[in-house]
Amino acid sequence: MIVIGKCYYFICWLLLTSGPVGVLEEIWSPEKNSHRAEPEMKMFSVSHKTAFVVDHCPYMAESSRQQVECDVLTKSRGQGMIPLAPVSKSLWTCAVECSMEYCRILYDVYPLKKLINYIVSDSEFHILNSWRQEDQSTHELMSALAAVGPPNPQEDPECCSVLHGLVAAVESLCKITEYQHEARTTLMDTADRVANRGRIICLTNAKSDTHVRMLEDCVQETILEQNKMAAGSDRLMSIQQCELVLVHIFPQGEDTLVSDRPKKEVSSLLTSEVHSVRAGRHLATKLNILVQQHFDLASTTITNIPMKEEQHANTSANYDVELLHHRDAHLEFFKSGDLHMAGSTSRDSGLKETVTLKWCTPRTNSVGGSELHYCTGAYRISPTDVNSRPSSCLTNFLLNGRSVLLEQPRKSGSKVISHMLSSHGGEIFLHVLNSTRSTLEDPPSISEGCGGRVTDYRITDFGEFMRENRLTPVPESPDTEASGKPPAERAKAQLERYTRYWPMIISQTTIFNMQAVVPLANLIVKESLSEEDLLTCQKTVYNLVDMERKNDPLPISTVGSRGKGPKRDEQYRIMWNELETLVKTHVAGSERHQRVLDCIIACRSKPPEEEERKKRGRKREDKEDKAEKSINKDSEDKSWQESERLKGALERGKEEQGESEVIKDSPDSPEPLNKKPRLDEIQLPEKAKGPVSLLTMWTNRITVANSRKHQEFAGRISSVNNKAELYQHLKDENGMDLHENGKATR
Amino acid sequence: MPTVVLMDASLSMTRPVSLEQCSEELQRKNLAVAGLTMLFEHMANNYRLEFTSLVAFSSLWELLVPFTRDYNTLQEALSNLEDYDKTCLESALHGVSNVVQQEWGHACPTQVVLVTDGSLGIGKGSLRHSLQTLKGRPEDKKFPLPFPFPAKLFIMCIANAEELQMTDTMHNLEQLLQLNGGDGQIFTMEGQLCLKSVQSMFGRLIDEVYSPFPAVLRCGNLASDVQVFPRPEPVFLDEEIDPMPRHILTDLEIVGFIEIGDISSPPVMSRHLVLPIVVNKEVDDVGPGTTEEPEEETSANQQAGKVPNFCVLLHGSLKVEGMVALVQLGPEWYGMLYSQADSKKKSNLMMSLFEPGPEPLPWLGKVSQLGPISDAAENPYGEDDSKSPFPLQPKIKRSYAQNVTVWIKASGLQTDVQKILRNARKLPEKTQTFYKELNRLRKAALAFGFWELLKGVAELLERECTLLPDTAHPDAAFQLSHAAKQLKLASTGDSQYAAFDQNINPMHTDFSGGGAAGM
């Protein structure tokens, strides 16, 4: 329920809503109903450029003779007072305010790429703005109009004419817009595909049909003339198509001297139509219809919007609000023929076609809009009656971040949610929701597919990773261009860095299960390290050394291990190796990254272990070399640089090389037993970074798996990731459960 | 993309095929059934999420199997197909149109596979007759093409091209395709009519339309082979400037992540399941007939299920965190990946495609300008995730978000004048609001060249001044007469007083000292 905020003015508002209901002679022109099957697919259609030419000659200062009573006396005060005489707008005022309303709707629905050039004509032409996008706003135009002021009735009518403006409009249509320029520049060879079309809307007071014909002829001649000039110019484009819309405005109570005429072809370049309209409300309706026709708009009336008046807080009344938007939001209705059934009202706006959608009171918890609807289109809206109270209540409600679902009334009485109103950053959109059966229903669940049986994914960690890799808009500036990569590419580069070593499951990693490693793990992925970062990394390493000295337990996965799992010193060996692997993938980043690695290498070497390690190291080194060779073979398609860089990294760590590979051996007993199942484990990501892709490993794995067609061990059949857990009862005694999707140490 | 198989069951389909090598007599219908059998088998194995229905037609049409993924049912119906009378394509196409609209509405792209021998009837009800009488039909008897939904029409002719070109059949079929907006293709058999050639014809259809779309989903160094279902369709942007269709890349690269609330139910062109697959080099690209041993397959599947897969990890985290991954589909073309749950609590990794272009969603801005948060001086999401850099605000506010003045209806003008008067009576407490409303009216009146209104309101203010009660604050009278005077000056159009960007400021009075200053 909308509660009208500060509804201090409700009394006068209620008084005024019961205004006079007009009867309109305008009827929708036939084009309105012939909805094309396809949406507009040309950017440079006639509606790309609209030139408004408004007559500013002395006769436009004439009164429209539509009077507005602006002194509304309330009963209590009105006694004995003579109310102020009603004011009446001039033809000029009527023309200006209706054209501004046209612009308002247009700018609301198309803030970009639909341009208006506003021209005023008296003894000469005055161009009030340009085609440039930053000149496109009602405020800009209003300011320029104020400078022009109303027509001067004393001016010599002989030297004033709307012709000056029409000529200027044609000249203006030849001027290239920034969008046309950009498209031509991008297309290069095919620049001629960029069309130049436009529309001239002329608001004037014509003398007669002959006068109208004269205006048409003048426009036609000017087009030919200007096209000749444009042919020899880079900054001008010749006009391929021009629509002239002449609106003859005459005061109320007079008979028109000009007859209405539907669109006709004056030449292959020019079409022309004439609308003869009374000033005032009729003119406003006419221009409202025109803006809908010109820009493929349609109308939706939201009904049953409950609103509370502050003065009557316990009652609520239902209101309707009419919105304009691109007609594609109704595509489904047009096609299904549900259009008329959906309802068309002919309230105070006359014979107006509008689709009625019913307000569905939003659930209170859907404020955040954290639901992802399947939405097939979103169209900007503009309220028809922008500052009426129901309209502004609705728009303010939406601007405050609430979304409203809309229901399509159906004959059958079934409830179908077909649309949603929602604002994004101060703009309101009508979203079209899919209300038909989905062809994607009932798909196999992801748990049934590849990798679906694995239960210890690092879901929480990857969530953390995603948060760190959220995107943010970076303002466009010359600086960012100078620095080379556009922001999105930098985002991808960051993802690359962050995933150089990223085990997907908990039982594949030790370091990422350790709170103590977090500071280093977070920093090492950075593009560059500060001195302070380096210090933190080093501290992390010292801290680990300390832990080792104190013989603190490590969260080594016991899955698949034999006996009681690796001994403590073996656990640390595994941990150090993994840490080294992580850091090694980043050493090429900067000198400080290298220093982190140096620190690890320096800290972990302990004399008593040294010998044992060397012994083992020699053995492993042989193996390592072989592995490396095969890896390189696999990765021939990888970029040369990357493998070079990695080789460099490996070289630097040569001394400890034998050990880094242990990762894939771990978390098992040190001696190589049962090689086969080990090899096909995806334990190589550290090296995989460079030379081996996941894909290759995976394929290898499958190949190995298929080659082993023999009776499977009972343990392996019931295993997870090829690791059967033995002595499960011991787990409880250890007090650590590493099968959980969380970190044991955190 | 659902498929409707529209099978010609007219008598002409039973014409025998002359075969030299083969002793057994084959009808055209048998060939058609063989071709469709191959198609159904292929779908059951490689494209099993496709919904397919079977419609048979002669002079009448009948929905034999409603949309299903059960290809056995389709196969069964096909083998039980009876023979009927003559061909009447128009009514059959009406039938297809109805069947599709009832099931999927009008937005769902559909594939219609018409299987016919190319004899399209004679006289009334024949395709030739239908096409000749296209024009001047009343609204309710319109030809069913183009369909009210996006549709591709594939015409499988159990005939070779020469045969069809001898009569005007080929021409008529081409016309049919044109009526459908050119969306589709005519397939004919090459060489002799036999099982081999019908299989090769359906093989071509399968390759073009029903082959899975393999891709690699990447997030930095993490990757997974995936199948995108249904096949993403090529997209046309601007028919004039950019007439070439755009295809999505087979390398889907994640750019970064965005909260569901920030992406905020964006409009999408289509939705696709992203299913992780095992790329099996041996089984790939093998034609029909080579059905693998089911036992072997399941064991391979079980194996694959136990290998960690990036898709599953990504899906799990997207679901838990309520986020989407922004994915690049091509140059200036993006989409999003998210977890989609169906009613049965099954969930899946889904990809939605945005409209191609540098800025598909105004509230995100240009996608190429979206960078990592580490680039920002301070975390735009706040240290405790309390903020968000989205949505972007447009440079210029929309009319409904800024207090615009519209006086098209008399009520609009009256409300604005009454607002001023109401505040005038509450001076000096309401001085700020009074001048705010007054200046708003002044600006609009100047822009609209409505000087008469300025004079009128000035008079109203002067009258209010005279009506002030004795208890009124002395400031009220000063402000009212000051405002009235300024409005009158503005109404002369004198540039000194009628500048648009100028405001009438409250008169500076000082009653704190008890005296009437500012006179």
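Calculation rules
- Residues numbered from 1 in each chain as written.
- Chains lettered and ligands numbered in written order.
- Predicted model: local features only at pLDDT ≥ 70, side-chain atom pairs only at ≥ 80, totals over all residues.
- Heavy atoms only, no water.
- Helix = DSSP H or I, 4+ residues; strand = E, 2+ residues; numbered from the N terminus.
- Contact = heavy atoms within 4.5 Å.
- Areas by Shrake-Rupley, 256 points an atom, 1.4 Å probe, with all protein chains shown as cover.
- pLDDT = per-residue confidence, 0-100.
- Buried area = accessible area lost by both parts, 1.4 Å probe.
- Salt bridge = Lys/Arg side-chain N within 4 Å of Asp/Glu carboxyl O.
- Polar contact = N/O pair within 3.5 Å; in protein donor to acceptor, adjacent residues only side chain to side chain.
- Nonpolar A, V, L, I, M, F, W, Y, C, P; charged D, E, K, R; others polar.
- Pairing = 2+ DSSP bridges.
- Expected span 1.5 Å × (residues − 1).
- Buried < 20%, exposed > 50% of the residue type's maximum accessible area, 1.4 Å probe, protein only.
- Phe/Tyr/Trp six-rings, centres within 6.5 Å; stacked < 30°, edge-to-face > 60°.
- Lys NZ or Arg CZ within 6 Å of the ring centre and 35° of its normal.
- Axes fitted to C-alpha atoms, helices over the stretch in contact; angles between N-to-C directions.
- Parallel < 35°, antiparallel > 145°, perpendicular 65-115°, else oblique.
- Left-handed = near helix turned anticlockwise from the far one by under 90°.

Structural notes on the overall build of chain A
Of the regular secondary structure elements, chain A holds 26 helices and 18 strands. Counting contacts in chain A only where the partners sit at least 6 residues apart, residues at least 24 apart contribute 75% of the total. For chain A, the exposed surface amounts to about 33000 Å²; the carbon and sulfur share of it is 52%.

Considerations on the confidence of the model for chain B
Residue and element names in this part refer to chain B. Counting all residues, the mean pLDDT for chain B is 86, and 92% of those residues have values of 70 or more. In this model residues 281-295 is a low-confidence stretch, pLDDT under 50, and it forms five contacts with partners more than four residues away in sequence or in other chains. Overall, residues 512-519 carries pLDDT values under 50, and its contacts beyond four positions in sequence, including any with other chains, amount to eight contacts.

Notes on the interface of chain A and chain B
The interface is formed by 144 residues belonging to chain A together with 140 residues belonging to chain B. Of the roughly 12900 Å² buried at the junction of chain A and chain B (both faces included), carbon and sulfur atoms supply 61%. Between chain A and chain B we count eleven salt bridges in total. A salt bridge links R398 of chain B to E427 of chain A; the shortest N-O distance between them is 2.8 Å. Scanning the region where chain A abuts chain B turns up 44 residue pairs in polar contact (both at pLDDT 80 or more). By residue number, the principal contributor to the side of chain A that touches chain B is helix α3 (residues 91-109) of chain A, which donates ten residues. A class-by-class count of the residues in the side of chain A that touches chain B yields 71 nonpolar, 37 polar and 36 charged. Pairing between strand β18 (residues 471-473) of chain A and strand β16 (residues 370-372) of chain B: three bridges, direction antiparallel.

Describing helix α11 (residues 410-424) of chain B
Each α-helix turn comprises 3.6 residues. Residues three or four places apart therefore point the same way. All names here are of chain B. The end-to-end C-alpha distance of α11 is 21 Å, a good match for the 21 Å that 15 residues give at a rise of 1.5 Å each. Counting buried positions over the 15 residues of α11 gives twelve, a clear majority of the element. Listed as buried for α11 are G412, L413, Q414, D416, V417, Q418, K419, I420, L421, R422, N423 and A424.

Some remarks on the packing of aromatic side chains
Using the criterion set out here, one finds 24 aromatic pairs over all chains in the structure. Relative to F512 of chain A, the ring of Y501 of chain A lies with its centre 5.9 Å away and its plane at 25 degrees, an arrangement referred to as stacked. You can see Y501 of chain A sitting in the loop between α13 (487-498) and α14 (518-524) and its partner F512 of chain A sitting in the loop between α13 and α14, a full eleven residues away along the chain. On the basis of relative accessibility, which here comes to 2%, the residue Y501 of chain A falls in the buried class. Taken together, the ring pairs connect F462, F465, Y498 and W502 of chain A together with F257 and F310 of chain B into an aromatic cluster. In this structure, R199 of chain A packs its charged tip against the face of F295 of chain A, placed 5.9 Å from the ring centre.

A few points about the sheet that holds strand β4 (residues 52-57) of chain B
Residues and elements named next belong to chain B. On the basis of which strands lie adjacent, the open sheet formed by six strands has the order β5-β4-β1-β6-β7-β8 and mixed pairing. Whereas interior strands pair on both sides, the edge strands pair on one side only; in this sheet they are β5 (61-68) and β8 (184-189). Neighbour-to-neighbour, the strand axes of the sheet open up by a mean angle of 15 degrees, direction not taken into account. Pairing analysis gives seven bridges linking strand β6 (residues 110-116) to strand β7 (residues 151-160), with the strands arranged parallel. Bridge pairing links Q111 to K152 in β7. The strands that helix α7 (residues 195-209) touches are β6, β7 and β8; relative to β8, the one it contacts most, it runs at about 160 degrees.

Here's the deal with the sheet that holds strand β14 (residues 333-341) of chain B
Read around the closed barrel, the seven strands follow the order β9-β10-β12-β15-β14-β13-β11 (chain B); overall the barrel is mixed. Each strand axis lies, on average, 40 degrees off the axis of its neighbour in the sheet, ignoring direction. Contacts from helix α11 (residues 459-468) of chain A reach β9 (213-219), β10 (222-229), β11 (251-259) and β13 (323-330) of chain B within the one sheet, and its direction differs from that of β11 of chain B by about 85 degrees.

Considerations on the packing of helix α16 (residues 568-584) of chain A against helix α17 (residues 591-604) of chain A
Residues and elements named next belong to chain A. α17 packs onto α16 with a crossing angle of 165 degrees between their chain directions and a minimal axis gap of 9 Å. The angle between α16 and α17 falls in the class roughly antiparallel. Judged by the sense of rotation from one axis to the other, the crossing of α16 with α17 is left-handed. Together, R573, W576, N577, L579, E580, V583 and K584 of α16 and H593, V596, L597, I600, I601 and R604 of α17 make up the contact between the two elements. Of the residues in the contact of α16 with α17, the class split is seven nonpolar, two polar and four charged.

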